[in-house]
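Close look at the chain arrangement
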Amino acid sequence: MGNNSFVGSIPKSLKNCTSLIRVRLERNKLDGHISEDFGIYPNLKFIDLSYNRLHGELSQNWGHCRNLTLLKLSNNGISGGIPPELGKANQLQVLDLSQNCLVGNIPKELGALKLLFKLKLNNNKLSGNIPTELGMLSELTDLSLAVNDLRGLIPELKDCLKLQFLNLSKNRFSKSVPFQVGKLLSLQMLDLSYNLLEGEIPPELGYLRDLETLNLSHNELSGSIPSTFSEMLSLTAVDISFNKLEGPLPNNKAFSWAPVAALTNNKGLCGNNPCFKACPSTKISRLSRKDGNKAIVLIAVPLSSTLVLVFVLSGVVALVGKRAGIADEAKEEGKDNIFAICSYDGKVVHESYDGKVVHESIMAATERFSSKHCIGVGGCGTVYKAELPTGQVVAVKKLHQHEGIEMSNLKAFTSEICALTKTRHRNIVKFHGFCLHAQYLYLVYEFLGGGSLGKILQEKVKAEELKWITRINVVKGVASALTYMHHDRSPPIVHRDISSNNILMDSEQVAHISDFGTARILKLDSTRWTSFAGTLGYLAPELADSMEANEKCDVYSFGVVSLEVIMGRHPGDIILSLSTSTPSATYEILLKDTLDQRLPPPTNKEAAEVVSIVKLAFACLHANPGSRPTMQQVSQKLSMKVKALWKPFRMFTLGELL
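Each residue is numbered by its place in its chain's sequence as written, counting from 1. Given that the model is predicted, a residue must reach a pLDDT of at least 70 before its local features are reported, and side-chain atom pairs must reach 80 or more before they are shown or counted; all residues, however, enter totals for whole chains, interfaces and linings. To obtain the side-chain values, all non-hydrogen atoms of the structure were used and water was disregarded.

Some thoughts on the packing of aromatic side chains
Any pair of aromatic rings gets described here by the distance separating the centres and the angle formed by the planes. Pairing of aromatic rings covers Phe, Tyr and Trp, the last counted by its six-membered ring, and requires centre-to-centre distances within 6.5 Å; plane angles under 30 degrees mean stacked, over 60 mean edge-to-face, and any other angle means tilted. Using the criterion set out here, one finds four aromatic pairs in the structure. With a centroid separation of 5.0 Å and an interplanar angle of 75°, the aromatic rings of W646 and F652 are classed as edge-to-face. Only protein chains enter the calculation, and the probe is 1.4 Å; a residue is then buried if its accessible area is under 20% of its type maximum, exposed if over 50%, and partly exposed in between. A residue is classified by how much of its surface remains accessible, and W646, at 64% relative accessible area, is exposed. Given the relative accessible area of 0%, F652 is considered buried. One aromatic cluster is present, built from ring pairs that chain together F369, Y384 and Y442. The side chain of R22 reaches across the aromatic face of F46, ending 4.0 Å from its centre. A positively charged side chain is recorded as over a ring if its NZ (Lys) or CZ (Arg) lies within 6 Å of the ring centre. The angle to the ring normal must also be within 35 degrees.

Some remarks on the environment of E387
Helix and strand labels come from DSSP, where a helix needs a run of H or I of at least four residues and a strand needs a run of E of at least two; each type is numbered from the N terminus. With respect to the helices, strands and loops of the structure, E387 is situated in strand β25 (residues 381–387). Here E387 falls in the exposed class, since its relative accessible area comes to 54%. Residues E387 and T366 lie 21 residues apart in sequence; the distance between their C-alpha atoms is 8.1 Å.

A few points about the side chain of S193
Secondary-structure assignment places S193 in the loop between β16 (189–191) and β17 (196–200). You can call S193 buried: its relative accessible area is 3%. Throughout, a contact is declared for two residues whenever any of their heavy atoms are within 4.5 Å. Aside from chain neighbours lying at most four places away, what touches S193 is S169, K170, N215, L216, S217, H218 and N219.

So, the nonpolar core
By nonpolar core we mean a set of buried residues, namely Ala, Val, Leu, Ile, Met, Phe, Trp, Tyr and Cys, connected to one another through side-chain atoms within 4.5 Å. Of all hydrophobic cores here, the largest spans 76 residues; its most connected members are W62 and L190. L190 has contacts with L166, V181, L205, L208, L211, T213, L214 and N215, leaving out every residue within four places of it along the chain. One finds I428, L466, M567 and I613 within the second-largest nonpolar core, a separate group that totals 54 residues.

Quick word on the sheet that holds strand β29 (residues 451–452)
Strands are treated as partners if at least two bridges between them are detected by DSSP. What the three strands build is an open sheet, ordered β29-β31-β32; its pairing is antiparallel. Bordering the open sheet on either side are β29 and β32 (511–513), each of which pairs with just one other strand. Here strand β31 (residues 503–505) runs beside β32; their pairing, made up of three bridges, is antiparallel. By the bridge assignment for β32, M505 is matched with A511. Working convention: axes come from line fits to C-alpha atoms, limited for helices to the stretch in contact. Angles between N-to-C directions cover 0 to 180 degrees. On top of the sheet, helix α8 (residues 468–487) reaches β31 and β32; it is set at about 30° to β32, its chief contact.

Structure (C-alpha cells):
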C-alpha cells in the first residue's frame, strides 16, 4: 500500500497479524507510535515504513523477527536509542533508520549482522564513536552515518572490502584520514566533508581506482595533494574546498573540470584548472615531434564571405613532415605566430587570406582566453565563446597543454579532427577548423546557445521548458546522428563517450552530439582494442572486462541517455536494480512514477512515444552486446508511426517494457 496518500493511524489489528511476510506502507502520511503499533512477526522478511509520520521509540521486538531481511523506517519522527537487540535479527541485509531523531551510541551489537550490505543511520542525533565491530561487516556495500554528532577517530573498516559508498560527513571526526581507507578498493563514493580532520591526505587514497566522487571539504587538511591522485581515472567529481591544501592539482579530469567553488579557500593550489594560475615550477612545453622539430599549423579558408576555418588532418600530417623547423626559424626571427593556409590537399587556396587574422580575431574575442568568456570545462580542454568581427559567433575549445598530459591531449585533438572531417549531419555539431600551434592548441565549432542537455535537466526552470515532444525529438535526433556515424560513413565512427553532457542544444531545442575527443574510426581490417575512454555511468558493462571499441558501446550509452531524458535524471538506480539477481521489485514500479515529475504526465501520442522510447532504451541496455539492437534498428523503430496504447498510460509497469 506504499506510495499513496493514506492518513491516520495504522490499524491496531496489524500488531497481532503474526503471519505477515511482506509489508509496504512507505510514502504515505500515516502516524502512530512505532513501538505500540507493531509486534513480533516470526515470518516477516520485508517491511518498509519510511516517509511517514511515525513517532515513539524503537522496540526491541524487531530483533526477534529472525527472518527479517529488510527494515526501513527512514524519514519519520522516531526518537530514543537504537536497541542493541537489533543485532539478533541476523538475517538483516538492509537497515535504514535515517532521517529520524535517534540519539545515543551506535550499538556494537550491529556488528553481528554478518549479511548486512546497507546500513543507513544518517541525519539523526547519534553520538559517541563508531564501534570497531562495524568494521567486521564483510558484506557491507553502503554505509552512511552522515549528519550526526559522532566523534573520535574514523575506524579502519578493514573487513569492509566490498564497500562502495561511504558517507561520514557532517560529524566531529578528528585526527587524520586513516590510510587504510585506501584498501577499500571497491569504493565509488567517499564523503568525509565537514569534520575536524587534519594532517596530510594519505597517498593510499589514490589507489581507489573505482572512486567516482570524493569530498574532503571543510576540514583542516594540509600539505599537498598526493601525486597518486593523477591515476584515479574514474574520478569525476571532487571537492577539497575549505582546507589548508597547497601545491599542484593532480592531472586528471575531476580536478580539471572542478568548479572553483570545489577548490577554493585553500592555502595555495595551482595548475591543471582554468581557474588557477600555473604552478611556478610548471613549464608549458611546446608541441614537438619525436626528432624535436616543432610544427605550427592553421588551416583556414573563407566560406560564403564569412570568417570560418577548414578542418583537415592531412594538412597537419603533411605540414608536420614538410615544414619541420618552421618554429625554430620563427624563434630566430622573434615571431610567435606562423600559420600555413592550406586546403585539405595541402595546396594554397587563397594567398590573400591571412590565417593570422583568424587567430588574432579569436584572441581578441576571447581576450586571450580569459575566464570570463569560458562557457565550459572538459577533461581535455576549456570551451570559450568568441564573437568574430564578421558577427559570426563560434565556440573555441582550447586544449590543456600542461606538462605531462600534452601527448594525450594531442591524441584527443587529432581524434576529433579525424572524426569530424567531412562529417555533416543535422544532429552533429558543425566543425569549422583547428589551430595546431606551439602555444595554442584549439578547435573551432559552431556556437550552440542552448547549453548541454545534462545541465538543462539539472535546472528546474529549463527542464520544465523541455516539454515531452521536445524530449522525444532529442532522443530521435541523437539516434539519427549515431545511425549516421555507425552505418552511413565508411569507415564507421564510434563516439565512445555519449552522455547528456556531450549533447548540446541549440536555440531551437535541437540536439547535437559533440566532443569527439575519444572517438575512434573503425577499420574493418584492424583491431578495435583501445584505451579506456568515456564517462562513468554511461559505459557499457563489457568495458570492465575488455577495451574493445565497437558500435554496441554507443548503443548502451544511448540507452542510458534516453532514460535520462525521460526521467529527468540519471537512471543509475533503475539500471543497478535491473542488473541484480532479484529485480522483481523494479518490475512492479509504474512507469509514470519514474518520469520527470516536473512535467505533467504525457498523453495520447506523446504517451505512446514515451512507452516506445523506454522499451527501446531497455533493449539497448542489455548486458549482452550481441542482444542489443543496432542504432539503425533503433532509428527505424523511432521513425515508425506509433500505435495507440492498449491500456491507460498510468498502468504501465517497467516489467512490461523489458
